[in-house]
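Architecture at a glance
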Amino acid sequence: MSWGWDAVVAAIDTGELESVAGRVLRLDDQTRREVAAALPGHLAVARKRAEARRRAREIGRQQVTEAAWREHVRAAARAGRTVSAHEHWQRDTPWNPPWTPAADESWAAPMLVAGAAAIGGVAGVVAWLNRRDLQDRWDEYGGDTTSTVLERVLSARPLAWQADFAVRAALKLRPVSRRSAVTTSPVSGLVLAMLRRSGVTPPEHDPLAVAWAAHPPSAASLRTDPLLDHLLPRLFEAEGVGAALRHERGSGRATDAGRGWLTALTALAREGRIGRDVLLDGCLRRFLRGGHAADLRFFVRLHDSLAPTRDEVSERHRDYLRLLPAAPGAVAETALKQVRRLGETDPAEVTEALRALLARGERKLLTAGLTWLDEFAAADPDADLGSLAPALGKAFGCESGDVQGRAVRVAVKHARRFTGEGAQALREAVVVLPQELGETLAELFGEETGSDARDDGGFVPVRLPEPVRVPDLPPPVMSAVDLDARPVVARWEPAEAWLAGVVRLHGQDRDGLVARLSEVPHAADPPPGPWTEVAQWAEEITRVIVHGSPGGVPAGKPGDGPAGAGGSEQGVRTGGRGWERSRLPEIGEVAGPHLLLLRRLAEVYDGIQAGTLPLYLLAEPTEGTGHVDAGRLVERVAGYERDGVEPMPADLAQALLRVPRSVAPDVVARAGRLTSAAGQALALRLHGEQPEGRAEITWVRLLVEGAGSGAVVGDGDDRGMRLPVERPGSGTAVAYRDDHEPVQAGVHALVPRLHGEELTGVAMADELLTGALARGRRGHGGCMHWWPYLMPSHREVVAAHLVPYLLERWRPDRVEPRLAQALASAGGAPGEAVALVQAYFMADRSWSADARERARPVVEMAARGELDGEEVGRQLALLVRRAGLRPGPVFETLEGAAGLGAHREVWRIMTGFLSVYLPGAGERPHTRHTQALTFALRAARWAGARGAVGCVAEIARRRASNNFVREARRLHTYLT
């Protein structure tokens, strides 16, 4: 390749776009063609080089920041101050400085510029700029800069070439998904610039109009925009424009400064540059086409900012009337406002409009329609209202008690005007009204009220299903042929079998083990920093078995207190490259159960290096629930005593956590004859009935302010728990004191604390069984599904460790639905934490649209006789009140549970739900509270429930007559 190509490659490696453009544009035609031919093959090379530069810079940065952190810790120690773990994540510090990518870490933008300058044909340049692998990284280090340089490069071509490029590139623009965070293609800015520069007529292409709309103008820039006259009509016709402008919030006043379509369009309409008719007619055409309410939001604001005159409304009144029946609420409200301004309107048109309004479900429009009907009837005593009776009857079905009451009052006031078919239509609609309102109309129209349509008499109860049997574990790994070359981390069973198999084969068939593990190639070097993934530890265990060397980086002993956390110099060893942190993360960096799992892997790793690895593990599970058979565990510990083997601390802790709650007396007696410290710990764990752990969960609001990086939960003592706040600033976490305390603004978090669990005497196990819990800053390594099987007899403890992750539904380290089923099959008494986890997945429709599927974990607990229905209901209510979940999916799931046989438990859940969800002192009831009472009556009938519920009885005694109180009376009457 010629010197010209080498110069272009060198410029690409710098990441400087101007340098790349200058180098390519200075080439002669022959060399430029050679460069164009070589560019596609250089894409992978350019990317690899840029990533290598980034990695090298990141390694150097890590070394500097680690040194700064160690110096900070030493300086604090010299000053007699304890360093808090959250200090490690403070921003703008020597150990956590701001990061800005260097220019040479960019590869896509330089390649875009090189191709645009070197490729000769229009079609070739368009295809190059639209390559997916380049477009995805267009604005990685500044999309505006990339577009500016590309425009300069393309402007060097002949004017006809530029015009051809602009049209072809415009037609290449593609629609963007509604769910995408961006509104248009990254190449759109360049396309618009080239259309303006070339002066060519833009093609009629919807994505082009969306791209134009996605770049908000000022009034001055729009006034002189050569695309204005061509693309303005398309603004009201192109699909996707409304979605791109849905967040446009300018007021349209002349005093508004800055950029924005509302301000610019109204300013140009005010000065006559754009005709008002163009904008008004455009808005109405867009309204009549329909669409998502959010996509019409901009056009409603534009219409209102134009403030149509009476004459303009009169010219278009038929279009406004056409919008009333089916347009989205905001559009219909705008249309109704304009129609009502006209005053005198043809009676036939009024009737048409009233039919449309009274058939809608929105409270505001229904109220306006009822008011208009009342005025219309009063203004014309001779008008026949019979044709409006069916529409008025539809208004009776509104969920709002106020609207129902208003509709009945209108019907009563003008009852003599509803005759014949009109009266019959109202009689037929009476059945959807509450009893008191229905009786009022029945007296006037001579018809008995029908049975309440909300009563469910067709429910057929079924028996609860048999509890699901947990499958047995596959046989343990006894030969190298049966061992996976690497653990399958996505499932806990094969991963546990792999670890136990490696330990067993290391003592029985080391050659076979080495051969099996060698079948999969290893990574070149151990990963830097703490190893927080099971796969990382498995890879390094494999490396040390196969090669007999850890690659110069020891792990550190996981059982040495601070060493297990990597938080002091005890947790640091001298390696081939100087001082290195322990490969185990610090306490608090990962979740507690995950840290125990990593400690188990770390001690196997260290045991292989030191030659102290036992012949088998104590904690290898024997049951599909994760339990270790107590008799087998006693035999394993006795074998250690005979061989003089010292148990590995994390393995012993894990074994004690896997002991079943029910143990045969002869096994307890055998354990009592063990003499080692491990044997005595096991005997203590097996002796007597194990007390249950109890979780206490506090809801807090994080108020972020100031310059630190944490928030303290204060509860009246000096042991406030510091929560990580994942944004700059610090603040206070204010704890809710009462279930009925009004919800306040702020980021909500859950703080669990464990009480009452009998400790094992083994530190690594006891860390998990008591005290306050928080989510790990580095997550859980994707192994959260393992937790119920690490502590299968401690269901409430597992759930408490899940709670800090529960509300983070959109994060990759969120709690998964399968954990709710695992908790249902686990052992130990359920408490607040189990109820909260089960409630969360009942209330969250996002993981399953099937209500019965969401109900299965709760039904499983009911089938086992282990469901605390009132507590589940309480947690459901708290989630709806404070976590933004909706009651609709809750009632769907409960109905699904009733259909599976848990109808009695559903009523108990509803009693707990109502006691927290119904409005307390100072709270106003709303429609969802009424819906909760309506569903509760159905649930009570399914269960044949009797006996007053205090919160419902209190509401039923009130003197008000709204729907909320009426539904409470119906439920209370049924129960008593």
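Residues numbered from 1 in each chain as written. Predicted model: local features only at pLDDT ≥ 70, side-chain atom pairs only at ≥ 80, totals over all residues. Heavy atoms only, no water.

Structural notes on the overall build of the protein
Of regular secondary structure, the protein possesses 45 helices and eight strands. Residue burial in the protein is summarised as follows: out of 976 residues, 52% are buried. Looking at the protein alone, contacts between residues at least 24 apart form 72% of all its contacts between residues at least 6 apart. By element, 50% of the accessible surface of the protein is carried by carbon and sulfur atoms, the whole surface being about 43100 Å². (Helix = DSSP H or I, 4+ residues; strand = E, 2+ residues; numbered from the N terminus. Buried < 20%, exposed > 50% of the residue type's maximum accessible area, 1.4 Å probe, protein only. Contact = heavy atoms within 4.5 Å. Areas by Shrake-Rupley, 256 points an atom, 1.4 Å probe, with all protein chains shown as cover.)

Overview of empty space enclosed by the protein
Within the structure shown, the criterion is met by four cavities of 30 Å³ or more. Considered as a void within the structure, the largest cavity measures approximately 70 Å³ in volume. Counting only elements with at least two residues in the lining of the largest cavity, the list comes to helix H26 (492-508), helix H28 (534-547) and helix H30 (592-610). In terms of residue count, the dominant contributor to the lining of the largest cavity is H26 (four residues). (1 Å grid on protein atoms, 1.4 Å probe; cavity = no way out; pocket = protein on both sides within 12 Å on 5 of 7 lines; lining within 4 Å. Points joined across faces, edges and corners; volume = space filled by probe spheres on them.)

Looking at the confidence of the model for the protein
For the protein, the mean per-residue pLDDT works out to 82, and 86% of the residues sit at or above 70. Scored below 50 in pLDDT, residues 705-731 shows 70 contacts in the model against residues more than four places distant or in partner chains. (pLDDT = per-residue confidence, 0-100.)

What about helix H20 (residues 347-358)?
Between its first and last C-alpha, H20 extends 16 Å over 12 residues, near the 16 Å set by a 1.5 Å rise per residue. Where H20 is concerned, the buried positions are Glu349, Val350, Thr351, Ala353, Leu354, Ala356, Leu357 and Leu358. If you follow the buried residues of H20, they end up packed against helix H18 (317-323), helix H19 (329-341), helix H21 (363-379) and helix H22 (389-395). A side-chain oxygen of the first residue of H20 lies 2.9 Å from the backbone nitrogen of Ala348; this N-cap is Asp346. (Expected span 1.5 Å × (residues − 1). Polar contact = N/O pair within 3.5 Å; in protein donor to acceptor, adjacent residues only side chain to side chain.)

Here's the deal with the nonpolar core
Membership of the largest hydrophobic core comes to 150 residues, with the highest contact counts inside it found for Trp907, Met910, Phe913, Leu914 and Leu971. Other than its neighbours up to four places away in sequence, Leu971 contacts Trp907, Leu914, Leu933, Ala936, Leu937, Ala940 and Val952. In terms of nonpolar packing, the next biggest core, distinct from the first, is built from 135 residues, Trp107, Trp138, Ala238 and Val331 among them. (Core = buried A, V, L, I, M, F, W, Y, C linked by side-chain atoms within 4.5 Å.)

Here we look at the pattern of salt bridges
Pairing between side chains becomes possible if they bear opposite charge and their charged atoms approach one another. With the rule as written, the count across this model stands at 54 salt bridges. For Arg273, the salt bridge goes to Asp229, with nearest N and O atoms at 3.3 Å. One end of the pair, Arg273, is in the loop between helix H14 (261-271) and helix H15 (276-289); the other, Asp229, is in helix H12 (residues 228-235), and 44 residues separate them in sequence. Salt-bridge contacts for Glu496 lead to Arg600; the nearest nitrogen and oxygen are separated by 2.9 Å. Here the residue Glu496 occupies a position in helix H26, and Arg600 occupies one in helix H30, the gap between them amounting to 104 residues. (Salt bridge = Lys/Arg side-chain N within 4 Å of Asp/Glu carboxyl O.)

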